[in-house]
Amino acid sequence: MDVIPAAVNAFAENYTSPENDVLHRLHRETYLKVEQPHMLSGHLQGQYLSMVSHMVRPRRILEIGTYTGYSAICLAQGLTTDGLLYTLDINEEREELCRRYFKEAGLENKIRLRIGKAAEIIPQLQETFDLVFIDADKQGYANYLDLVWEQLRPGGFILADNVLYHGEVLQNESQQSANAKAMIAFCEKVKADARAEQVLLTIRDGLLMIRKTK
């Protein structure tokens, strides 16, 4: 189920700044060589992530779920001069591809890729984050939120991807997959948290933007 009509998405992309050369080539190589290329953030969402990063001017970013590195490159574009982005992924098979494009983007010293289970790595990171992007296993979102909350500075932001889960969240509960149910439970968890305020954006597959208020 396409939540956003293709014509609307195409119109939006037409009036969005184009991908730079590195992102364009990474986009193309992902679709040519990597399984499940729809997982790539892509042009419209990538530019949004870059815009948010430029507005926040984060010194530390945490990304949970690297895939082929497209979103990491977009997010890293707004880092401060001494800024770092930590990106976590469980799939070591894509590590070489990610590192190659991080270098081509001139960000190899700004991005630290860690391979392994995010739930095990996050507690080991002795950092305070300004911005967190969650785009990993959907049934792990609630746990990731809990794990990163104390490491997120007051006033910091979390962006959680795929919260519309291909439109399944709009279907009857009997028709929803476990991932769709997990996305609804995650949104409900955030909604009930008095320490946060949030807005659900209908960009791509749904992006929940959360601000830590306390």
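My aim in this report is to walk through the structure given alongside it, one point at a time. Remember, predicted model here, so these are calculated numbers, not experimental data.

Analysis parameters
Chains are numbered independently. Their residues run from 1 in the order of the written sequence. Only residues with pLDDT of 70 or above have their local features reported here, since the model is predicted, and side-chain atom pairs are shown and tallied only from 80 upward, although totals for entire chains, interfaces and linings are computed over all residues. Calculated side-chain values reflect all of the structure's heavy atoms, with hydrogen atoms and water omitted. Working definition: with a 1.4 Å probe on protein chains only, accessible area under 20% of the residue-type maximum means buried, over 50% means exposed, and in between means partly exposed. Put simply, DSSP H or I for four residues or longer makes a helix, DSSP E for two residues or longer makes a strand, and each gets a number counted from the N terminus. A pair of strands is treated as paired once DSSP finds two or more bridges between them. Seen with its strands pointing away from the viewer, a crossover is right-handed when the path leading from the first strand over the helix to the second is clockwise. For a helix, the expected span equals 1.5 Å multiplied by the residue count minus one. Comment: arc refers to directions from the helix axis out to C-beta atoms. Throughout, a residue-residue contact means that at least one pair of heavy atoms, one from each residue, lies within 4.5 Å. The salt bridge criterion pairs a side-chain nitrogen of Lys or Arg with a carboxyl oxygen of Asp or Glu, the two atoms within 4 Å. To get an axis, a line is fitted to the C-alpha atoms, and for a helix only the part in contact is used. The angle between two axes follows their N-to-C directions and goes from 0 to 180 degrees. For this classification, the nonpolar set comprises Ala, Val, Leu, Ile, Met, Phe, Trp, Tyr, Cys and Pro, the charged set comprises Asp, Glu, Lys and Arg, and every other residue, Gly included, is treated as polar. Here the aromatic set is Phe, Tyr and Trp, taking the six-membered ring for Trp, and pairing holds for ring centres within 6.5 Å; pairs whose planes are under 30 degrees apart are stacked, those over 60 apart are edge-to-face, and all others are tilted.

1. Regarding the pairing of strand S1 (residues 60-64)
Moving on, step 1. Along S1, 5 of the 5 residues are buried, which leaves the element largely enclosed by surrounding structure.
Moving on, step 2. Burial along S1 is two-sided: Arg60, Leu62 and Ile64 and Ile61 and Glu63, pointing in opposite directions, are all buried.
Moving on, step 3. Where S1 lies against strand S2 (residues 84-89), 5 bridges are found, and the strand directions are parallel. Note that in S2 the partner of arginine 60 across the bridge is leucine 84.
Moving on, step 4. Once the chain exits S1 it traverses helix H4 (residues 70-76) before rejoining the sheet at S2, and the crossover so formed is right-handed.
Moving on, step 5. As defined by bridge partners, S1 adjoins strand S4 (residues 129-134) across 4 bridges and the pair is classed as parallel. When the bridges of S4 are listed, isoleucine 64 appears paired with isoleucine 134.

2. Some details on helix H8 (residues 178-191)
Moving on, step 1. In this model H8 runs 20 Å from its N-terminal to its C-terminal C-alpha over 14 residues, within 8% of the 20 Å that 1.5 Å per residue would give.
Moving on, step 2. Listing the buried residues of H8 in full gives Ala180, Ala182, Met183, Phe186, Cys187 and Val190. With its buried residues spanning 160° around the axis, H8 presents them on a single face.
Moving on, step 3. Where H8 is buried, its residues meet helix H7 (141-149), strand S5 (152-161), strand S6 (196-201) and strand S7 (207-212).

3. Focus: the pattern of salt bridges
Moving on, step 1. Throughout the structure, instances matching the rule amount to 15 salt bridges.
Moving on, step 2. Where glutamate 95 meets arginine 99, a salt bridge forms, and the shortest distance between an N and an O atom there is 2.9 Å. Remark: arginine 99 and glutamate 95 occur in helix H5 (residues 95-104); sequence separation between them is 4 residues, near one turn of the helix.
Moving on, step 3. When the shortest N-O distance is used, the salt bridge between arginine 153 and aspartate 130 registers 2.7 Å. In this pair, arginine 153 is assigned in strand S5 and aspartate 130 in strand S4, connecting sequence segments 23 residues apart.
Moving on, step 4. Overlapping salt bridges, with partners in common, bring together Glu29, Lys33, Glu96 and Arg100 in one network.

4. Thoughts on the packing of H7 against H8
Moving on, step 1. Running from amino to carboxyl end, H7 crosses H8 at an angle of 30°, the nearest separation of the two axes being 9 Å. Facing Tyr141, Ala142, Leu145 and Asp146 of H7, the residues of H8 in contact are Met183, Phe186, Lys189 and Val190.
Moving on, step 2. Within the contact of H7 with H8, the residues separate by chemical class into 6 nonpolar, no polar and 2 charged.

5. Brief notes about the side chain of arginine 94
Moving on, step 1. Topologically, arginine 94 is positioned in the loop between S2 and H5.
Moving on, step 2. Given a relative accessible area of 17%, arginine 94 falls into the buried group.
Moving on, step 3. With residues near it in sequence (within four places) discarded, arginine 94 still touches Val34, Tyr67, Thr68 and Asp89.

6. Focus: the packing of aromatic side chains
Moving on, step 1. Here the structure, examined in full by the defined rule, presents 3 aromatic pairs.
Moving on, step 2. With centroids separated by 5.0 Å and ring planes inclined at 50°, the aromatic side chains of phenylalanine 11 and tyrosine 15 adopt a geometry described as tilted.
Moving on, step 3. On the basis of relative accessibility, which here comes to 56%, the residue phenylalanine 11 falls in the exposed class.
Moving on, step 4. Its relative accessible area of 62% is what places tyrosine 15 among the exposed residues.

7. Concerning the environment of lysine 189
Moving on, step 1. Tracing the chain through its elements places lysine 189 in helix H8.
Moving on, step 2. The sequence separation of lysine 189 and glycine 155 amounts to 34 residues, and the corresponding C-alpha distance is 19 Å.
Moving on, step 3. Ignoring any residue separated from it by four or fewer positions in sequence, one finds lysine 189 in contact with Ala142, Leu145 and Asp146.

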